Amino acid sequence: IQGGPAQWPQWLETRGELGSQTPFATDRLTLPFDNPYGTLFFVTAHDFFSDGASAAIATMTGEVWLVKGIDEGLETLRWKRFATSLHQPLGMRIIDDKIHVLGRDQITRLHDLNGDDEADFYECVTNAMQTSPGGHDFIVGLETDAQGRWYFASGNQGICRITGRDKLEVLATGFRNPNGLGLSPDGRFITTSVQEGDWTPATSLCQIETGKNEGAHFGAGGPKNGQPPEPVLLYLPRGEDNSGSSQTFITGEKWAALQGGGNLVHLSSGGGSAWLVMRQQVSGRWQGAAVKISGNFDSGPQAARFNPVDGHLYVNGMQGWGSYTPRDGCFQRVRYTGGGKPVPVAFEARDNGVLLRFTQPVPESAAA
């Protein structure tokens, strides 16, 4: 109850690498694959501490690691094992500098009681979720709103919101193997991705608008209550995204020119890519358009967050089913550099075509 002696006192150092691509450069925060514990860095989630220079990452095999030294140059990154034995953690939020991890069993708050950078007490925040032994019944994508309510996607239950320790609401159903979650800053929109297969013709991005289409059924498993399925926001063909994961709405200061009318970034774990998603509302329905902004990830991107201090996008990834990426896992940064190349930030579908708006004027040669 006061914290015991450190089990893993060693800090490991790596050196990051900066990308030079334009208009989106992809940097590498080099993981300590060579470590004394044999840790497998299939990285599933991450979040930042209040200083912005420190973060925590989770691995699919149940570990949490700290990383310090996140700056523009990434010259000295320091890593330390913080916790182990979690049950398939696939989501993380750091609130008031306390790490919260979403597992298949519960949301766990990790307490370091004696300041030695190791978790001493694993507190159950809630275990109201229900899963099953099914291979795809994982629980993924931990987010919170301004009221402190938790959100996640469940292969067994759908899109869920926790409103109290033992109170769970199912906001939408009919998702085939949802593998991530996005939540708009105002809590109005929730997104998830579903995978091609039974009841799902292609990888798709689904959107729930709170107070509007809560309770919607998106089709997987067959019709519900005799009603047609809710239309998806966007389909992506297999050649572009054979397996989607999570989303994050654009909030970083460095990406302000790309926010448009509430744009978001969608990750393809299968394609190893990130997509800028623009939305348009027509007659009360939302539809989307997407453009690839990065395909340089070392492993299948699983989750993304904007660092509130430096304003850049950080992406973690892991190797999984059907990913065209080379490494077990990754932790990388995507910087919007501009570089004189226009990027679409909004679209309108019209009778005679699609109208695009860009961050800057498109040269006549390119427009032609």
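For the structure itself, consult the block above.
Residues numbered from 1 in each chain as written. Predicted model: local features only at pLDDT ≥ 70, side-chain atom pairs only at ≥ 80, totals over all residues. Heavy atoms only, no water.

Colleague: Even after reading the chapter, I still don't get the overall build of the protein, so can you show me in this structure?
Modeller: A count of helical and extended segments in the protein gives one helix and 28 strands. Each principal axis of the C-alpha atoms in the protein carries an extent, and together these give about 70 × 50 × 35 Å. Burial statistics for the protein: of 368 residues in total, 56% are counted as buried. The contacts in the protein between residues at least 6 apart in sequence include a share of 53% that link residues at least 24 apart. Summed over all atoms, the accessible surface of the protein reaches about 15,800 Å², with 48% contributed by carbon and sulfur. Treating the 30 positive side-chain charges of the protein as one cloud and the 39 negative ones as another, the clouds have centres 3 Å apart. (Helix = DSSP H or I, 4+ residues; strand = E, 2+ residues; numbered from the N terminus. Buried < 20%, exposed > 50% of the residue type's maximum accessible area, 1.4 Å probe, protein only. Contact = heavy atoms within 4.5 Å. Areas by Shrake-Rupley, 256 points an atom, 1.4 Å probe, with all protein chains shown as cover. Lys, Arg positive; Asp, Glu negative; His and termini not counted. Charge placed at Lys NZ, Arg CZ, Asp CG, Glu CD.)

Colleague: Looking at this structure, how should I read unusual backbone geometry?
Modeller: Peptide bonds are trans in most cases, and residues, glycine excluded, mostly fall at negative phi. Cis peptide bonds are those with omega within 30 degrees of zero, and the linkage from Thr22 to Pro23 qualifies with 0°. Structurally, the position occupied by Pro23 is in the loop between strand 1 (12-14) and strand 2 (24-28). Phi is positive for Gln88, close to 50°, though the residue is something other than glycine. Checked against the element boundaries, Gln88 lands in the loop between strand 6 (77-83) and strand 7 (91-95).

Colleague: Teacher, can you tell me more about the environment of Val343 here?
Modeller: Mapped onto the elements, Val343 comes out in the loop between strand 26 (329-336) and strand 27 (344-350). Residue Val343 is classed as buried on the basis of its relative accessible area, which comes to 5%. Along the primary structure Val343 and Arg357 are separated by 14 residues, whereas in three dimensions their C-alpha atoms are 8.4 Å apart. Residue contacts for Val343: discarding those within four places in its chain leaves Pro23, Phe24, Leu258, Leu276, Tyr336, Arg357, Phe358 and Thr359.

Colleague: How should the sheet that holds strand 1 be read in this particular structure?
Modeller: Spatially, the five strands line up as an open sheet ordered 1-6-5-4-3, and their pairing is antiparallel. At either margin of the open sheet sits one strand with a lone partner, and together these are strand 1 and strand 3 (43-48). Averaged over all neighbouring strand pairs, the angle between strand axes comes to 30°, with direction disregarded. Across five bridges, strand 3 lies against strand 4 (residues 54-59) in antiparallel orientation. Its bridge partner being in strand 4, Ala45 is matched across the sheet by Ala58. (Pairing = 2+ DSSP bridges. Axes fitted to C-alpha atoms, helices over the stretch in contact; angles between N-to-C directions.)

Colleague: For this particular structure, what's the right way to read the pattern of salt bridges?
Modeller: Charged atoms that come close allow side chains of opposite charge to pair. Under the counting rule described, the total for this entry stands at 19 salt bridges. In this structure, Glu143 and Arg305 form a salt bridge, with 3.2 Å as the shortest nitrogen-oxygen distance. One end of the pair, Glu143, is in strand 11 (residues 139-144); the other, Arg305, is in strand 24 (residues 301-306), with 162 residues separating them in the sequence. A single burial state applies to Glu143 and to Arg305, both of which are buried. (Salt bridge = Lys/Arg side-chain N within 4 Å of Asp/Glu carboxyl O.)

Colleague: I tried to follow the side chain of Glu118 on my own but got confused; where do I start?
Modeller: Along the chain, the position of Glu118 falls in the loop between strand 9 (107-111) and strand 10 (121-126). For Glu118, a relative accessible area of 2% gives the class buried. A distance of 2.6 Å separates a polar side-chain atom of Glu118 from the backbone nitrogen of Trp8. Here Lys80 takes part through its side chain, which lies 3.0 Å from a polar atom of the side chain of Glu118. Not counting the four nearest positions on each side in its chain, Glu118 is found in contact with Ala6, Gln7, Trp8, Pro9, Lys80, Arg81, Phe82, His111 and Asp112. (Polar contact = N/O pair within 3.5 Å; in protein donor to acceptor, adjacent residues only side chain to side chain.)

Colleague: Help me understand the packing of aromatic side chains in this model?
Modeller: Geometry of an aromatic ring pair is reported as the spacing of the ring centres plus the angle between the planes. All told, the structure shown has eleven aromatic pairs when counted by the stated rule. Considering the side-chain rings of Tyr314 and Phe331, the 6.1 Å spacing of their centres and the 45° angle between planes classify their relative orientation as tilted. Note that Tyr314 is positioned in strand 25 (residues 313-318) and Phe331 in strand 26, a separation of 17 residues in sequence. The burial state of Tyr314 is the same as that of Phe331; both residues are buried. Here the aromatic cluster, defined as three or more aromatic residues joined through ring pairs, consists of Phe24, Trp255, Phe306 and Tyr336. Over the aromatic face of Trp11 sits the side chain of Arg78, whose NZ or CZ is 4.5 Å from the ring centroid. The cationic tip of Arg279 hangs over the ring face of Phe189; the distance from NZ or CZ to the ring centre is 4.4 Å. (Phe/Tyr/Trp six-rings, centres within 6.5 Å; stacked < 30°, edge-to-face > 60°. Lys NZ or Arg CZ within 6 Å of the ring centre and 35° of its normal.)

Colleague: Teacher, can you tell me more about the pairing of strand 7 here?
Modeller: The side chains of a regular strand alternate between the sheet's two faces. The element strand 7 is largely enclosed, with a buried count of four among its five residues. The sheet contact formed by strand 7 and strand 8 (residues 98-102) spans five bridges and is antiparallel. Residue pairing in the sheet places Ile95 in a bridge with Lys98 of strand 8. Adjacent in sequence and paired antiparallel, strand 7 and strand 8 are bridged by two residues, among which Asp96 carries a positive phi angle near 55°.

Colleague: How should the sheet that holds strand 18 (residues 216-217) be read in this particular structure?
Modeller: Think of a sheet as strands paired side by side through backbone hydrogen bonds, with each pair either parallel or antiparallel. Reading across from one edge, 11-12-13-14-18 is the order of the five strands in this open sheet, with mixed pairing throughout. The sheet is open, and its two borders are formed by strand 11 and strand 18, each paired with just one other strand. Note that strand 12 (residues 150-154) and strand 13 (residues 158-164) share five bridges and pair antiparallel. Bridged to Ala153 within strand 13 is Ile159.

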